[in-house]
Amino acid sequence: MPHPNDPSLRSFIDVDPSSDFPIQNLPYGVFSTAANPTPRVGVAIGSYVLDLWELEQDSRLDVGPLGVFSGASLNPFMALGPTVWAKTRARISELLRHDHPELRDNEELRKQALVPMRDAKLHLPFAVSGYTDFYSSKEHATNVGVMFRGKDNALQPNWLHMPIAYNGRASTVVVSGTKVKRPRGQLKPPNVEVPSFAPCKRLDFELEMGVVIGQPSPMGGMLSEQQAEEMIFGFVLLNDWSARDIQQWEYVPLGPFLAKAFATSISPWVVTREALEPFRLKGPEQEPVPLDYLKQTKPQNYDVELDVSLRAAGANAPASISRTNFKYMYWSSVQQLMHHASSGCAMNVGDLLGSGTISGPEKNQRGSLLEISWNGTEPVELPGGARRSFLEDGDSLVMRGWCQGNGYRVGFGEVEGTVLPAE
């Protein structure tokens, strides 16, 4: 049987070459419909959602205990481990192939199992056990350091030795399309003596990838490179909304807190690590050489094109404001996970790791408005004459990501959020 990543594979479902969801992708999500409002697990294929619970009930999919795909979360499926993940993806690929009659020629099952994407409501794809946000783009960290500490002290001494991170809030991770209320907090501009409590005035986005952990690790243990890699189920797009003025006042000495705790948006489709395998590549050269527990023996970065567009409040159309690539990350997702567990920290099924803001070396590759507007000193010019240093009420932000293959693309869909006024 051909491998699910084989670029020559075709589905009996017509898939446009520009679609994010060809047969080589098969990302997992959770959906419901008006006719069947119970959330269950599906896979995206072209402009359809393949209902895996229907296939499981019909004995077309056997992943173990019946009902793995009947719930509102991918966690029970992820808990079954990498061998089951690979076997299930291969079986789904087989069922969707143009030359395999089992589903193609079963009209009744097709009507039950293939749901038009336009009829599907997409939900948070997994129950988030914990959320950790990293700070692993050298370009982003350097830009921020130059802004606030000067060129000669841009990177803190520890940055080149380990992946820096903070523990965020799983409770406010939301799916694409969820509106985000402007946060409130303590504000103290440099020219004011005492703080005030008010709505954030410097609301920002952060373009990130989210790593979805599908296997646990024990408290007190450590992870090898291979173990860490095998624990990663897949990836999502992630927007870690940030209140820069709240952050500026609160982050000393313990780091970000409420400035990052009010909302983190993720895309509804989890693209599996296996689907990204053809797009694996070596990351930036690491100097100094990492300590032994962080060393990698093979490429662990991915060639994922990323785009951010902003539709200003009242505007008819969005405009692209950033275009970068996941390949620029200095610390890989595997290194982040190895470091996270190295102290003995237990990892759980459903943990989410944010990559940190992804910026590239060029000005148009910056992954936040803080960088794009250079802390508000260089506002972004948008169509229709609008200008933005930071996000305003009514603004809508859309992030997209994809890997470009030969005649197909493996994409993530999008993560969108619109800013609502503070209450």
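Please read these numbers as outputs of a predicted model, since none were measured by experiment.

Observations regarding the UniProt feature "domain: Fumarylacetoacetase-like C-terminal" (unreviewed entry) in the protein
So, point 1. Taken from the UniProt record, the annotation "domain: Fumarylacetoacetase-like C-terminal" (unreviewed entry) applies to residues 131-419.
So, point 2. Secondary structure content for residues 131-419 is 15% helix and 31% strand, while the C-alpha to C-alpha distance between its ends is 22 Å.

As for helix α3 (residues 82-96)
So, point 1. The first and last C-alpha atoms of α3 sit 21 Å apart over 15 residues, in line with the 21 Å expected at 1.5 Å per residue.
So, point 2. Burial within α3 is extensive, with eleven of its 15 residues counted as buried.
So, point 3. What α3 keeps buried is the set V84, W85, T88, R89, A90, R91, I92, S93, E94, L95 and L96.

Thoughts on the domain arrangement of the protein
So, point 1. Segmentation of the protein into domains returns domain 1 (28-123) and domain 2 (130-420).
So, point 2. Each of domain 1 and domain 2 has a C-alpha centre, and the two are 30 Å apart.
So, point 3. Domain 1 puts 20 residues into the contact, and the matching count from domain 2 is 18 residues.
So, point 4. Between domain 1 and domain 2, a total of about 1,400 Å² is buried, with carbon and sulfur atoms accounting for 70% of that surface.
So, point 5. Our count for the domain 1 to domain 2 interface comes out at one salt bridge.
So, point 6. Between R89 and E274 there is a salt bridge, with the nearest N and O atoms lying 2.9 Å from each other.
So, point 7. Here domain 1 is connected to domain 2 by four residue pairs in polar contact (both at pLDDT 80 or more).
So, point 8. At the level of elements, β1 (28-32), β2 (40-45), α2 (75-78), α3 and β5 (121-123) are the ones that each hand at least two residues to the side of domain 1 that touches domain 2.
So, point 9. Broken down by element, the side of domain 1 that touches domain 2 gets its largest block of residues, four residues, from α3.

Here we look at the UniProt feature "active site" (unreviewed entry) in the protein
So, point 1. Here, the residues flagged by UniProt with the feature "active site" (unreviewed entry) are H140.
So, point 2. Residue placement: H140 occurs in helix α6 (residues 138-149).
So, point 3. With residues near it in sequence (within four places) discarded, H140 still touches Y135, T357, S359, S368 and E371.

Some words on the pairing of strand β6 (residues 131-134)
So, point 1. Burial of the side chains of β6 extends over both faces: Y131 and D133 are buried on one face and T132 and F134 on the other.
So, point 2. Both β6 and strand β22 (residues 352-354) contribute to a ladder of three bridges, which runs parallel. From the neighbouring strand, D133 faces β22, where its bridge partner is G354.
So, point 3. Bridge analysis of β6 against strand β7 (residues 165-167) gives three bridges, and the strand direction is antiparallel. Among the inter-strand pairings, F134 is bridged to a residue of β7, identified as A165.

Observations concerning the packing of aromatic side chains
So, point 1. Tallying each qualifying case throughout the model produces ten aromatic pairs.
So, point 2. On the numbers, 5.3 Å between centres and 50° between planes, the contact of W159 with Y330 is tilted. Linking W159 in the loop between α6 and β7 with Y330 in the loop between β21 (319-325) and α10 (333-342), this pair joins segments that are 171 residues apart in sequence. Judged on exposure class, the residue W159 and its partner Y330 are both buried.
So, point 3. Aromatic side chains Y330 and W331 sit 5.3 Å apart centroid to centroid with 80° between the ring planes, which places their arrangement in the edge-to-face category.
So, point 4. One aromatic cluster in this structure is built from Y28, F69, F77, W85 and F233.

Describing the environment of A259
So, point 1. With respect to the helices and strands, A259 occurs in helix α9 (residues 258-261).
So, point 2. Look at A259 and you get buried, because its relative accessible area is 0%.
So, point 3. Residues A259 and T88, spaced 171 residues apart in sequence, show a C-alpha to C-alpha distance of 40 Å.
So, point 4. If we ignore the near neighbours within four places in the chain, the residues touching A259 are W241, S242, A243, I246, Q247 and E250.

Here we look at α10
So, point 1. Most of α10 sits out of view: nine of its ten residues are buried.
So, point 2. Where α10 is concerned, the buried positions are S333, V334, Q335, Q336, L337, M338, H339, H340 and A341.
So, point 3. Residues of α10 that are buried make contact with β6, β7, β13 (207-213), α7 (225-231), β14 (232-240) and β22.
So, point 4. Just beyond α10, the residue with positive phi is G344, at close to 105°.

Section: the sheet that holds β5
So, point 1. Within the open sheet, the five strands sit side by side as β4-β3-β2-β1-β5. Their pairing is antiparallel. The open sheet terminates on both sides in strands that have one partner only, identified here as β4 (114-116) and β5. Across the sheet, the mean angle separating the axes of adjacent strands is 50° when strand polarity is ignored.
So, point 2. Here strand β3 (residues 48-51) pairs with β4 via three bridges, running antiparallel. Bridge pairing links V49 to V115 in β4.
So, point 3. Along the sheet, α3 contacts β1, β2 and β3; its crossing angle with β1, the most-contacted strand, is approximately 65°.

Procedures and definitions
- Residues numbered from 1 in each chain as written.
- Predicted model: local features only at pLDDT ≥ 70, side-chain atom pairs only at ≥ 80, totals over all residues.
- Heavy atoms only, no water.
- UniProt positions renumbered as here; feature names shortened; annotations may be inferred.
- Helix = DSSP H or I, 4+ residues; strand = E, 2+ residues; numbered from the N terminus.
- Expected span 1.5 Å × (residues − 1).
- Buried < 20%, exposed > 50% of the residue type's maximum accessible area, 1.4 Å probe, protein only.
- Domains from an automatic or database assignment.
- Contact = heavy atoms within 4.5 Å.
- Buried area = accessible area lost by both parts, 1.4 Å probe.
- Salt bridge = Lys/Arg side-chain N within 4 Å of Asp/Glu carboxyl O.
- Polar contact = N/O pair within 3.5 Å; in protein donor to acceptor, adjacent residues only side chain to side chain.
- Pairing = 2+ DSSP bridges.
- Phe/Tyr/Trp six-rings, centres within 6.5 Å; stacked < 30°, edge-to-face > 60°.
- Axes fitted to C-alpha atoms, helices over the stretch in contact; angles between N-to-C directions.

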